[in-house]
Amino acid sequence: MKIAIEAQRIFRKHKHGMDFVALESIRHLQKIDHENEYFILVKPGEDRCLTSTPNFHIWEISFSIYCLWEQIALPFAVKKIKPDVLHCTSNTAPVWGKTPLVLTLHDIIFLDKKSGSNHSLYQKFGRIYRRWVIPYVIPRCKKIITVSDYEKRRIQQKFTEQKARILRIYNGLNPVFSPERNDRFIQSNYVSTDSYLFFLGNTDPKKNTIGVLKAYAIYLKKSNYKKALLIADLDEKWIDKILKQENIPEIKPFLHVPGYIQNCDLPALYSGAFAFLYPSLRESFGLPLLEAMACGTPVITSATSAIPEIAGEGALLVNPENKKEIAEQLIQLENDPELYKKQVNYGFTRAALFSWEKTAKELLSVYQNIQAK
């Protein structure tokens, strides 16, 4: 087979969730499949995190605007390659073309009426673009892959005519996420204290950053330890604005806000944290919670959306909109060594259920079944 995989953003320096899913899936396809021929279609960037192999060819396509790259440059590249299947990995795809199409649709939150509120201009444009593209793309798909049973049900409810074409393939977990990567030198580049809490946030409302900050303010009032909070991927000026808006400026001395954190440093930061906070309002999977678990760090996360499916029944699940409940769970972890140890062990067991090799094998099966038909 000749397989084309769109992975537009994997070479960019500041990668995020969908970029890592595409990258890890491709890396493991390289390991398991030495027979089929692959064409990885990317936009040029600083981080050349993937290399060619005899049957994996990297095609760099230059086009500055995301939507035009996808709707103009990508289809022309595919037309030259003439693959048996095109896999688009990040929620959208070209609206035209005759090549059998597989789409990874991580979520359809952009179709929710309230999903556009409180987003940045960039996020709003992305939402509008996805809302326009998806109704045209979905009918073209031979298969629609999503990352959890929760999201599969939501997509099936929205696109009932395509119900039989929608399947779930779980994300995997890189073995680099391990307590063995605990490195105080790396940690000291981001946080000055030995004991800290860790939160991966951004300005997207679903990440519940405001809720976490308000819960942390409650925690500081009740805790005998008052651990620092390391916040990744957020600008300090934005944090200052929220602290003023929510009338909690007193927590600022306890916050460490270094901005974007390179993925290679995350294992050390997870491993060094006392606990990882992940009380998102909405997730289609929740890869960071598994990464933290694999590093031996207890996770406080949400009893909503796909998170209980991924975190499992033994996880510390809270109502993400209840700030007091989040704070109380932190206090309990501090005061109950047995609970803490139990959560560490549970996390190791749960995280071990997920691997990128499994993900790659299931993807390969999808490609092969499309060709067989």
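Everything below is about the structure shown above.
Here the structure is a predicted model, which means the values were calculated and not measured. Counting starts from 1 at the beginning of each chain's written sequence and moves along it residue by residue. Residue-level local features of this predicted model are given only where pLDDT is at least 70; pairs of side-chain atoms are given and counted only at 80 or more, and the full residue set underlies all totals for whole chains, interfaces and linings. Heavy atoms from the whole structure form the basis of all side-chain values; hydrogens and water molecules are not counted.

Caption draft 1: Just the overall build of the protein chain, in detail. A run of H or I in DSSP becomes a helix once it reaches four residues, and a run of E becomes a strand once it reaches two; helices and strands are each numbered from the N terminus. A count of helical and extended segments in the protein chain gives 13 helices and 13 strands. Radius of gyration: over C-alpha atoms. The globule rule applied is 2.2 Å multiplied by the number of residues raised to the 0.38 power. Compactness check: the protein chain gives a C-alpha radius of gyration of 21 Å against a globular reference of 21 Å for 373 residues, within 12% of the reference. Principal-axis analysis of the C-alpha atoms places the extent of the protein chain at approximately 65 × 40 × 40 Å. With a 1.4 Å probe rolled over the protein chains alone, any residue whose accessible area is under 20% of its type maximum counts as buried; one over 50% counts as exposed, and the rest are partly exposed. Sorting the 373 residues of the protein chain into buried and exposed places 56% on the buried side. What sets the accessible areas is the Shrake-Rupley method with a 1.4 Å probe; for residues, cover comes only from the shown protein chains. Here the protein chain has roughly 17,000 Å² of accessible surface; of this, 52% comes from carbon and sulfur atoms.

Caption draft 2: Structural context of the pairing of strand β2 (residues 37-42). Counting buried residues in β2 gives 5 out of 6 residues, a clear majority hidden from the surface. With 5 bridges joining them, strand β1 (residues 2-6) and β2 adopt parallel strand pairing. Looking at β2, one finds that A4 is bridged to F39. We call a crossover right-handed when, viewed with both strands directed away from the observer, the connection leading from the first strand over the helix to the second proceeds clockwise. Once the chain exits β1 it traverses helix α1 (residues 17-32) before rejoining the sheet at β2, and the crossover so formed is right-handed. For two strands to pair, DSSP has to find at least two bridges joining them.

Caption draft 3: Structural view of empty space enclosed by the protein. Only protein atoms enter the 1 Å grid used here, on which a cavity is any set of points holding a 1.4 Å probe that cannot leave and a pocket is any open set flanked by protein within 12 Å on both sides along at least five of seven lines; residues with an atom within 4 Å of a point are listed as lining. Grid points are joined across faces, edges and corners, and a volume is the space filled by probe spheres set on the points. Taken as a whole and assessed by the stated rule, the structure comprises 4 cavities of 30 Å³ or more. By volume, the largest cavity amounts to about 140 Å³. If you list the elements that add at least two residues to the lining of the largest cavity, you get α1 and α13 (356-372). Within this model, the second largest cavity holds a volume of roughly 70 Å³. Along its surface, the second largest cavity is lined by F20, E24, G172, L173, N174, F177, N263, L287, E291 and W356.

Caption draft 4: Main features of the sheet that holds strand β5 (residues 101-104). Sheet architecture is open: 7 strands sit in the order β3-β2-β1-β4-β5-β6-β7, paired in parallel fashion. Whereas interior strands pair on both sides, the edge strands pair on one side only; in this sheet they are β3 (56-60) and β7 (166-168). The average undirected angle you get between the axes of adjacent strands in this sheet is 20°. In the sheet, β5 pairs with strand β6 (residues 141-146) via 4 bridges, with the strands oriented parallel. Each bridged residue has a counterpart across the sheet, and for V102 the counterpart in β6 is K143. Most of the contacts of helix α2 (residues 66-81) go to β2, to which it runs at about 155°, and overall it touches β1, β2, β3 and β4 (85-88). Contacts from helix α4 (residues 149-158) reach β6 and β7, with the element oriented near 170° to β7. Axis geometry follows a simple rule: fit a line to the C-alpha atoms, using only the stretch in contact for helices, then measure angles between N-to-C directions, giving values from 0 to 180 degrees. Any two residues having at least one pair of non-hydrogen atoms within 4.5 Å are treated as being in contact.

Caption draft 5: Representation of the packing of helix α6 (residues 209-222) against helix α7 (residues 236-245) in the model. At a minimum axis distance of 11 Å, the contact between α6 and α7 shows a crossing angle of 60°. Considering the angle they form, α6 stands oblique to α7. For α6 against α7, the interelement crossing comes out right-handed. Together, T209, I210 and L213 of α6 and W238, I239, I242, L243 and Q245 of α7 make up the contact between the two elements. Our angle categories are set so that under 35 degrees counts as roughly parallel, over 145 as roughly antiparallel, 65 to 115 as roughly perpendicular, and the remainder as oblique. Less than a right angle of anticlockwise turn of the near helix away from the far helix marks a crossing as left-handed, whereas a clockwise turn marks it as right-handed.

Caption draft 6: Looking closely at the sheet that holds strand β10 (residues 255-259). With parallel pairing, 6 strands are arranged side by side in an open sheet as β10-β9-β8-β11-β12-β13. Only two strands of the sheet have a single partner each, and these edge strands are β10 and β13 (316-318). Sheet twist, expressed as the average angle between the axes of neighbouring strands with direction ignored, equals 25°. Note: strand β12 (residues 299-302) against β13, 3 bridges, orientation parallel. Looking across to β13, one finds that T301 is bridged to L317.

Caption draft 7: Just the pattern of salt bridges, in detail. A pairing counts as a salt bridge when a side-chain nitrogen of Lys or Arg comes within 4 Å of a carboxyl oxygen of Asp or Glu. Within this structure, the stated rule accounts for 15 salt bridges. We note a salt bridge from D19 to R12, for which the minimum N-O separation is 2.8 Å. The closest approach of N and O atoms between R282 and E151, which form a salt bridge, is 2.8 Å. Of this pair, R282 sits in the loop between β11 (275-278) and α9 (287-294) while E151 is found in helix α4, placing the two residues 131 residues apart along the sequence. Under the relative-accessibility criterion, R282 is labelled buried at 9%. Residues joined in a network through salt bridges with shared partners are D112, E151, R154 and R282.

Caption draft 8: The arrangement of the packing of aromatic side chains in detail. Note on aromatic contacts: the rings of Phe and Tyr and the six-membered ring of Trp form a pair at centre separations within 6.5 Å, being stacked when their planes are under 30 degrees apart, edge-to-face when over 60 apart, and tilted otherwise. Applying the stated criterion to the full structure yields 16 aromatic pairs. Look at F285 and F354: their rings are 5.9 Å apart centre to centre, the planes differ by 85°, and that puts the pair in the edge-to-face class. Highlighted residues: F285 in the loop between β11 and α9 and F354 in the loop between α12 (337-351) and α13, separated in sequence by 69 residues. Judged by its relative accessible area of 3%, F285 is buried. Feature note: the residues F177, F198, Y270, F276 and Y278 constitute an aromatic cluster, connected by ring pairs. The ring of Y170 is capped by R168, whose NZ or CZ atom sits 3.8 Å from the centre of that ring. Sitting above the plane of the F274 ring, K227 keeps its charged end 4.5 Å from the centroid. Whether a charge sits over a ring comes down to the Lys NZ or Arg CZ being within 6 Å of the ring centre and within 35 degrees of the ring normal.

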